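# Analysis of the macromolecular model
Chain residues, written in single-letter form:
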Amino acid sequence: MGLLGAEKYIKDKWQEFGFSVHEQPFEVGENTYKNLYVTYGPKDADLIVIGAHYDVCGETDGADDNASGVSAIIEFARLISIH
């Protein structure tokens, strides 16, 4: 799947649940990468951050060492989207 495939999968799932996905680009060396995030609830409410990383090491598949964290943030988004 690779890094771009993992990014696309996460974005697609969040959008499927009705969230607008925001991107926060950052640079490492000559490469540009993106953090992805969604928001939920009132803007003036207390902030709770739930996160996981989908980056990779070398040419391995995306989310290779944090697949459970990525699965958890996708499932959390699904659950709050139905309430």
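Residues numbered from 1 in each chain as written. Predicted model: local features only at pLDDT ≥ 70, side-chain atom pairs only at ≥ 80, totals over all residues. Heavy atoms only, no water.

## Quick notes on a nonpolar patch on the surface
Among the surface-exposed residues, Phe-26, Val-28 and Tyr-33 lie close enough to one another that they form a single nonpolar patch of about 240 Å² accessible area. By the secondary structure assignment, Val-28 is in strand β1 (residues 22-28). (Patch = residues over 30% accessible without salt bridge, like charges linked within 9 Å, V, L, I, M, F, W, Y side chains within 5 Å. Areas by Shrake-Rupley, 256 points an atom, 1.4 Å probe, with all protein chains shown as cover. Salt bridge = Lys/Arg side-chain N within 4 Å of Asp/Glu carboxyl O. Helix = DSSP H or I, 4+ residues; strand = E, 2+ residues; numbered from the N terminus.)

## Here's the deal with the environment of Val-56
Among the secondary structure elements, Val-56 is positioned in the loop between β2 (31-37) and α2 (67-81). Along the sequence, Val-56 and Asn-66 sit 10 residues apart, while their C-alpha atoms lie 9.2 Å from each other.

## So, helix α1 (residues 2-16)
In a regular helix each residue adds 1.5 Å, so 15 residues correspond to 21 Å; α1 covers 21 Å between its end C-alpha atoms and thus fits that length. Gly-2, Ala-6, Glu-7, Ile-10, Lys-11 and Trp-14 are the residues of α1 that are buried. Of the surrounding secondary structure, the elements contacted by the buried residues of α1 are β1, β2 and α2. Once α1 ends, the next one or two residues include Gly-18, with phi positive near 95°. (Expected span 1.5 Å × (residues − 1). Buried < 20%, exposed > 50% of the residue type's maximum accessible area, 1.4 Å probe, protein only. Contact = heavy atoms within 4.5 Å.)

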